[in-house]
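# A structural walkthrough
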Amino acid sequence: MRRKSFLKRCSILTAGGLLYNQISWALENKQVEALSIDQLYQMFKSPDMIYRPFVRWWWNGDKVEKDELLRELKLLKDAGIGGVEINPIKFPQRTDDMGIKSLMWLSKEWTDALDYTLTEAKKMGLTCDLIVGSGWPFGAEYLEGEERADIVTIAVKKVSGLMEFEAPVFDFLKEADPAVTSPYPHRESEVMKVFMVPDPMNDLSEVIDLSDQIASGFIKVNIPRGNYAIYALVKTKAFLQVINGAPGANGQVLNHFNKAAVEKYLNHMSDAITKQIGSLKGRVRSFFVDSLELEGANWTADMADEFKKRRGYDLMPYLPLIMWRIGGMGNVYDYNYGTKFTDKFQETIERVRCDFDRTKVELLRERFLLPFQNWCNKNGVLSRAQAYGRGYHPLESSLVVDIPEGETWIKYGVGEEISEIDYRIGRAYTQANKFVSSGAHLSGKRLISCEECTNTDMVFNATLQMIKLASDQSFITGITHSVYHGFNYSPKNAPFPGWIRYGNYMSEHNTYWPFFKLLNDYKARVSALLQHADMYADIAILPPLYDSWGKYGAPNEPFPSLTYPDNLSLIWEAAQLNGNGTDYVSDNIINKSEISNGFLKYGDRKYHTLILVKVESLEPETAKKIAAFVNSGGKIVCVDFLPNKSIGLTNAPEKSIQVKQVFNELLTQKNRCIVKESPKDNYVLWYRKIQEELGIKPYLTIENGNPFIQQVRYSTPDCEIFLILNSNYNKAFDVTIKPADNISKNTNCYYWDAVSGNMYTLDANQGIALALYPADMRVIVFSKKKYKNAQPYTEVRAINDGDTRVNSSWGVSFNHIDGTKSTTVFNKLIDLKETTEYRDFAGTVVYKNKITITDQKVSHIDLGNVQGISQLLLNGKDLGTHWYGRHLYDVVPYLKQGENNIEIRVTTTMGNYMKSLSDNPVAQYWTNGKRKPQPVWSLGLIGPVTLF
């Protein structure tokens with residue numbers, strides 16, 4: 001990257017720190033001083049508060065009081081949190097509210113509490129974001145008419161002749177009622193159209209209109225011989241209410257396709273606040289939009305007119321035919337609902353369906369996203385939004401907002417298996433993350449946030465190691481900052497376990513809380529580093545968005561159960577596992593790119609290779625731009641087939657011919673344009689063969705790698721940075737990484753330890769050998785700068801059969817979180833879940849023993865299998881804490897000849913204990929509830945404890 005461009009895109013004022021009142025740097029400071037590698041390391045070693053993880057701070061039921069707000073802010077700062085996202089939400093069920101009244105959203109009392117929070121947070125150096133509205137998607141009771149979200153759905157009855165069919169219109173209304181998560185009880189439905197078609201259907205000429213019978217209340221028709229389907233097109237006004245909205249911000253969901261309604265809603269919120277407490281500039285970093293889970297909202301008063309203006313034909317004859325029956329979240333309930341189509345008409349239907357989704361995306365951008373961005377600018381704060389899918393363009397929306405946001409989940413199986421069949425297995429990041437980060441990179445943004453470690457299942461069993469692993473997977477996708485899901489506002493004297501809406505039970509009552517800051521120190525260092533560098537990408541990947549929308553419609557959930565293509569994530573992963581960097585691109589990005597000497601350039605991003613993943617449909621303009629790229633020396637890989645048709649219905653035959661001609665000509669350039677069939681398995685090997693065939697050079701190779709060993713590269717003018725991650729929760733792997741000569745030659749190699757902040761030198765001449773233990777991530781830095789004071793780093797070897805194990809009996813003390821204590825003796829170490837007496841324990845287990853040393857060569861103690869957070873005390877000296885990975889302690893110089901006292905403290909998870917609290921409705925809901933049954937988890941020091 002050119003240094004001038006780098007200077008323009010840096011995101012702090014000086015290396016000395018980012019003052020709180022300058023948090024609007026993205027709006028006010030376009031050209032700032034870049035960091036030298038010395039400054040970068042100092043920022044890494046001692047990161048400012050702004051880089052620390054934030055938390056989503058649920059104001060449960062808005063039952064907030066000033067003293068408690070202040071207590072919780074102090075609690076969060078002491079735990080290493082850098083900011084809060086103020087998030088009013090519905091009070092959780094099964095919870096004692098202690099008689100505390102709710103403050104009405106935007107009321108004088110609520111705004112006064114907000115003002116107090118902003119003031120006190122600023123004093124502490126904590127950053128505040130503020131969610132728009134409450135719950136999701138946002139709305140309010142006061143909305144009326146066209147300000148409320150509408151949906152158009154269908155009801156279909158399949159019939160066979162000869163027969164007389166008769167049914168009340170009410171039956172169609174009942175079947176078409178959208179099965180959404182949170183239906184508005186006063187929704188109003190009307191049948192717009194009724195018609196009959198044959199099954200299968202050939203074209204629109206076969207439609208028999210029955211709409212003139214709607215007014216009678218009954219639909220009657222004589223069914224000819226054969227199979228038919230009777231369709232009803234139904235519009236439901238105000239169909240959806242806010243999910244988990246706080247008082248004053250629940251009720252009907254806003255119509256996000258209505259610009260006037262959007263601006264009225266947003267201005268109502270900001271006016272109510274600023275009229276009472278003044279400008280939010282310098283007090284609120286960003287307004288935040290949570291998941292735009294519109295549950296299938298697809299209509300507004302001028303939708304049909306806008307469609308015709310943009311697409312050039314009438315939508316209404318096709319509209320019922322492009323739809324399916326929907327269920328929760330607006331996702332398709334049944335893809336076989338309705339009539340079948342002949343092959344020719346099926347293509348027509350898919351083109352129209354794509355055109356409809358294109359129109360909705362355009363309207364949402366113009367009428368919601370841009371007004372939201374302008375509103376944020378007007379108020380002097382940044383915009384932050386989960387602007388992907390669910391009606392947004394999954395990539396291009398991130399070009400608009402200041403802080404694009406992805407989403408990472410904690411689910412069972414994360415870190416245990418990486419599937420090549422189902423992308424959801426073994427991964428914490430959603431499919432959206434790569435779209436979001438790519439859009440941010442393309443628009444020059446470095447601050448890319450993530451709703452991190454969303455947890456609605458294993459709330460009391462999430463460990464710091466699991467949170468780290470999931471978060472590190474986010475870094476691999478291009479995320480640079482975390483907003484944890486989350487911290488519950490819960491009074492100090494609330495009945496145990498407190499008020500819980502969602503999250504990882506980030507509470508002072510959690511057993512891991514005393515160690516939480518260790519995780520946050522680690523994450524702050526990584527975020528500080530990545531927000532001052534640019535993720536490197538040399539491969540562009542074009543997903544088949546328009547084909548996907550045409551075949552299945554745009555998805556509405558973070559982990560879609562049906563995806564097209566189902567191997568999209570596997571391909572970018574395979575490229576990065578083989579030492580390339582990747583961004584997704586879109587048709588519009590390609591169209592606006594420059595072509596130069598075999599590179600596709602957009603802003604400061606440039607790619608030498610473009611991979612089209614199952615792309616069938618392109619506009620001729622895009623096809624020609626890709627041809628120009630290839631003709632200039634660029635390379636393309638078409639996965640499974642060449643693009644062969646155009647997008648949308650208008651002038652489809654003529655445009656399709658143009659697309660086919662372009663790619664048929666490109667195919668003659670065998671050394672730069674190839675078609676590769678998707679593999680049945682082993683995507684890493686498949687991609688490696690593509691590298692060899694096209695001469696694509698990796699910037700890094702990983703020997704003995706596997707799908708768990710992931711990497712990402714970042715660059716600054718002074719250094720190259722690699723993150724190397726073992727995303728397995730249980731297994732260790734020995735690998736060797738070998739950077740390309742242009743990176744390693746004539747440079748110095750360093751390991752920047754994000755846990756301690758220390759720097760070490762590495763010898764990279766023969767490759768860098770790494771012993772990556774579970775959830776281990778290394779930061780490797782190459783620079784011409786030589787640090788003479790940096791100590792050499794060598795991996796500590798693994799234990800072997802010849803090492804000494806501690807096999808004597810252990811004195812064991814149990815300090816339970818309920819205040820009880822007990823002691824016992826273990827003849828051997830054991831998993832506490834295998835015992836009746838201690839299976840339900842939660843707290844700290846203290847293991848004591850004596851070891852006799854006659855060999856001065858002993859330098860380390862390895863605790864073996866530890867199910868919890870470990871601390872080691874040797875002869876009364878505290879040797880530190882391990883909260884993930886290998887529980888290995890350097891015992892020099894604390895180990896002495898002769899007898900030594902060893903004390904190992906293991907802090908366990910608390911899920912087993914919560915399962916045992918049969919009389920606690922909150923504990924039972926999260927551990928034994930019908931949808932959240934928790935397994936019994938392993939606990940304690942299992943060992944073996946080994947000296948070597």
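Owing to the predicted nature of the structure, the values given are computational and were not obtained by experimental measurement.

Reading the values: rules and limits
Every chain is numbered independently, its residues counted from 1 as its sequence is written. Only residues with pLDDT of 70 or above have their local features reported here, since the model is predicted, and side-chain atom pairs are shown and tallied only from 80 upward, although totals for entire chains, interfaces and linings are computed over all residues. Side-chain measures were taken over the full set of non-hydrogen atoms in the model, leaving aside hydrogen atoms and water. Strand pairing is defined by DSSP finding a minimum of two bridges between the two strands. Labels follow the DSSP assignment, with helices taken as runs of H or I lasting at least four residues and strands as runs of E lasting at least two, numbered in each case from the N terminus. In this description, a line fitted to the C-alpha atoms serves as the axis of each element, helices being fitted only across the stretch in contact, and the angle between N-to-C directions of two axes falls anywhere from 0 to 180 degrees. Any two residues whose heavy atoms approach within 4.5 Å at even a single point are treated as in contact. By nonpolar core is meant a set of buried Ala, Val, Leu, Ile, Met, Phe, Trp, Tyr and Cys residues that side-chain atoms within 4.5 Å join together. The classification of residues rests on relative accessible area computed with a 1.4 Å probe and restricted to protein chains. Under 20% of the type maximum is buried, over 50% is exposed, and intermediate values are partly exposed. You can read pLDDT as the predictor saying how much it trusts each residue, on a scale of 0 to 100. The handedness of a crossover follows from its direction of travel: if, with the strands pointing away from the viewer, the path from the first strand over the helix to the second runs clockwise, the crossover is right-handed. Think of a salt bridge as a Lys or Arg side-chain nitrogen and an Asp or Glu carboxyl oxygen that are within 4 Å of each other. Note on terminology: angles under 35 degrees are roughly parallel, angles over 145 are roughly antiparallel, angles of 65 to 115 are roughly perpendicular, and the others are oblique. Any residue outside Ala, Val, Leu, Ile, Met, Phe, Trp, Tyr, Cys, Pro, Asp, Glu, Lys and Arg is labelled polar, Gly included; the first ten of those are nonpolar and the last four are charged. Stacked, tilted and edge-to-face pairs are distinguished by plane angle, under 30 degrees for stacked and over 60 for edge-to-face with tilted covering the rest, among Phe, Tyr and Trp rings (Trp via its six-membered ring) whose centres lie within 6.5 Å. Consider the ring centre and the ring normal. A charge sits over the ring if Lys NZ or Arg CZ is within 6 Å of that centre and within 35 degrees of that normal. Counted as a polar contact is a pair of N or O atoms within 3.5 Å, where, for protein atoms, one must be capable of donating a hydrogen and the other of accepting one, and residues adjacent in sequence contribute only when both atoms are in side chains. Crossing handedness follows the turn of the near helix against the far one: under a right angle anticlockwise gives a left-handed crossing, and clockwise gives a right-handed one.

## Quick notes on the sheet that holds strand β19 (residues 582–584)
Overall, parallel pairing links the five strands, which are arranged β19-β18-β23-β24-β25 in an open sheet. Edge strands, defined here as strands with exactly one partner in the open sheet, are β19 and β25 (673–676). The average undirected angle you get between the axes of adjacent strands in this sheet is 20 degrees. Here helix α18 (residues 683–694) sits on the sheet in contact with β18 (539–542), β23 (609–613), β24 (635–639) and β25, set at roughly 160 degrees to β25.

## So, the environment of Asp115
With respect to the helices, strands and loops of the structure, Asp115 is situated in helix α5 (residues 108–124). A C-alpha to C-alpha distance of 9.4 Å links Asp115 and Gly278, two positions 163 residues apart in sequence. Contacts of Asp115, omitting those with residues within four sequence positions, involve Ile277 and Arg283.

## Examining the pairing of strand β37 (residues 821–826)
Two elements, strand β36 (residues 810–816) and β37, share six bridges in a ladder whose sense is antiparallel. Of the residues in β37, the one forming a bridge with Asn815 is Lys821. Adjacent in sequence and paired antiparallel, β36 and β37 are bridged by four residues, among which Gly819 carries a positive phi angle near 95 degrees.

## Considerations on the sheet that holds strand β1 (residues 54–60)
Ordered in space as β1-β2-β3-β10-β13-β14-β15-β16, the eight strands form a closed barrel in which the pairing is parallel. Strand-to-strand twist of the sheet, defined as the mean angle between neighbouring strand axes without regard to direction, takes the value 30 degrees. Across four bridges, strand β10 (residues 286–289) lies against strand β13 (residues 382–385) in parallel orientation. Note on β13: the bridge partner recorded for Ser286 is Leu382. Across the sheet, helix α10 (residues 432–442) lies against β14 (403–409) and β15 (449–454), angled at about 160 degrees from β14, the strand it touches most. Across the face of the sheet, helix α11 (residues 464–477) comes into contact with β14, β15 and β16 (481–488) while running at roughly 150 degrees to β15.

## Examining the nonpolar core
Counting 226 residues, the largest nonpolar core has Ile636, Phe663 and Trp752 as the members making the most contacts within it. If one sorts the elements of this core by residue count, helix α9 (residues 343–378) sits on top with 13 residues. Setting aside residues up to four positions removed in sequence, Ile636 forms contacts with Leu610, Leu612, Ile626, Phe629, Val630, Phe663, Leu666, Arg672, Cys673, Ile674 and Leu694. Leu829, Leu874, Leu879 and Val906 belong to the second-largest nonpolar core, a separate cluster that totals 30 residues.

## Considerations on the confidence of the model for the protein chain
Predicted confidence across the protein chain gives a mean pLDDT of 94, with 96% of residues reaching 70 or more. In the predicted structure, residues 1–32 sits below a pLDDT of 50 and forms 74 contacts with residues beyond four places in sequence or in another chain.

## Overview of unusual backbone geometry
The peptide bond linking Trp136 to Pro137 adopts the cis configuration, its omega dihedral lying at -25 degrees. Mapped onto the elements of the fold, Pro137 is located in the loop between β3 (127–131) and β4 (139–140). Residue Pro944 is reached from Gly943 by a cis peptide bond, and omega for that bond is 0 degrees. Within the secondary structure layout, Pro944 lies in the loop between β45 (940–943) and β46 (946–947).

## Topic: the pairing of β15
Among the six residues in β15, six count as buried, and that is most of the element. Sheet analysis places β14 next to β15, joined by four bridges and oriented parallel. Pairing of Glu407 across the sheet is with Glu451, part of β15. Judged from the four bridges that link them, β15 and β16 form a sheet pairing that is parallel. Bridge pairing in β16 links Glu452 to Tyr484. The β-α-β motif built from β15, the intervening α11 and the parallel element β16 has right-handed crossover chirality.

## A few points about the pattern of salt bridges
One pass over the full model with this rule turns up 54 salt bridges. Here Arg310 makes a salt bridge to Glu366, at a shortest N to O gap of 2.7 Å. On the criterion of sequence distance, the pair formed by Arg310 in helix α8 (residues 303–311) and Glu366 in helix α9 is long-range, its members being 56 residues apart. A relative accessible area of 23% means that Arg310 is categorised as partly exposed. On the basis of relative accessibility, which here comes to 32%, the residue Glu366 falls in the partly exposed class. Here Asp862 and Arg886 are joined by a salt bridge, their closest N and O atoms 2.7 Å apart. Here Asp862, found in strand β39 (residues 860–862), pairs with Arg886, found in the loop between β42 (877–882) and β43 (888–890); they are 24 residues apart in sequence, far enough to count as distant. Each member of the pair, Asp862 as well as Arg886, carries the same accessibility label: buried.

## Remarks on the packing of α8 against α9
Each packed pair of helices is defined by two parameters, the angle between the axes and the distance between the axes. At a minimum axis distance of 10 Å, the contact between α8 and α9 shows a crossing angle of 105 degrees. Judged by the inter-axis angle, α8 sits roughly perpendicular to α9. Across the interface between the two elements, Met303, Glu306, Phe307, Arg310 and Arg311 from α8 touch Val352, Asp355, Phe356, Arg358, Thr359, Lys360, Glu362, Leu363, Glu366 and Arg367 from α9. When grouped by side-chain class, the residues that make up the contact of α8 with α9 number five nonpolar, one polar and nine charged.

## A short note on the packing of aromatic side chains
Applying the stated criterion across every chain, the model contains 49 aromatic pairs. Ring geometry for Phe138 against Phe368: centres 6.0 Å apart, planes inclined by 45 degrees, an arrangement best described as tilted. Here Phe138, found in the loop between β3 and β4, pairs with Phe368, found in helix α9; they are 230 residues apart in sequence, far enough to count as distant. With respect to class, Phe138 is no different from Phe368; both count as buried. Taken together, a centroid distance of 6.2 Å and an interplanar angle of 70 degrees make the contact between Tyr522 and Trp883 edge-to-face. Taken as a pair, Tyr522 in helix α12 (residues 516–530) and Trp883 in the loop between β42 and β43 lie far apart in primary sequence, 361 residues in all. The class for Trp883 is buried, based on a relative accessible area of 4%. Among the aromatic residues, ring-to-ring pairing joins Trp105, Phe138, Tyr142, Tyr265, Phe287, Phe368, Phe372 and Trp375 into one connected group. Here the basic side chain of Arg358 rests over the ring of Tyr546, its NZ or CZ set 5.4 Å away from the ring centre. Across from the ring centre of Phe599, 4.6 Å away, lies the NZ or CZ of Lys606, which sits over that ring.

## With respect to the side chain of Asn504
Counting through the fold element by element, Asn504 comes out in the loop between β16 and α12. Overall, the relative accessible area of 0% leaves Asn504 in the buried class. Of note is the side chain of Asn504, whose polar atom sits 2.9 Å from the backbone oxygen of Cys453. Within the structure, Asn504 has its side chain in polar contact with the side chain of Asn455 (distance 2.7 Å).

## Examining α10
With 11 of 11 residues buried, α10 lies mostly within the body of the structure. Taken as a whole, α10 has its buried residues at Ala432, Asn433, Lys434, Phe435, Val436, Ser437, Ser438, Gly439, Ala440, His441 and Leu442. After α10 finishes, the residue Gly444 shows a positive phi value of roughly 75 degrees.

## Brief notes about the packing of helix α4 (residues 66–78) against α5
Remark: α4 packs on α5, axes separated minimally by 10 Å, with the N-to-C direction vectors making an angle of 30 degrees. Our classification of the angle between α4 and α5 gives roughly parallel. Handedness of the crossing formed by α4 with α5: right-handed. Between α4 and α5, the contacting residues are Lys66, Leu69, Leu70, Leu73, Lys74 and Lys77 on the first element and Asp112, Ala113, Tyr116, Thr117, Glu120, Ala121 and Met124 on the second. Looking at the contact of α4 with α5 residue by residue, the class counts come to seven nonpolar, one polar and five charged.

## Looking at the environment of Ile724
Within the secondary structure layout, Ile724 lies in strand β28 (residues 719–726). Ile724 sits in the buried class, given a relative accessible area of 0%. Sequence separation between Ile724 and Ile780 is 56 residues, and the spatial gap between their C-alpha atoms is 7.8 Å. Apart from the residues within four sequence positions on either side, Ile724 is in contact with Leu700, Ile709, Gln710, Gln711, Ile737, Leu770, Leu772, Asp776, Met777, Arg778 and Ile780.

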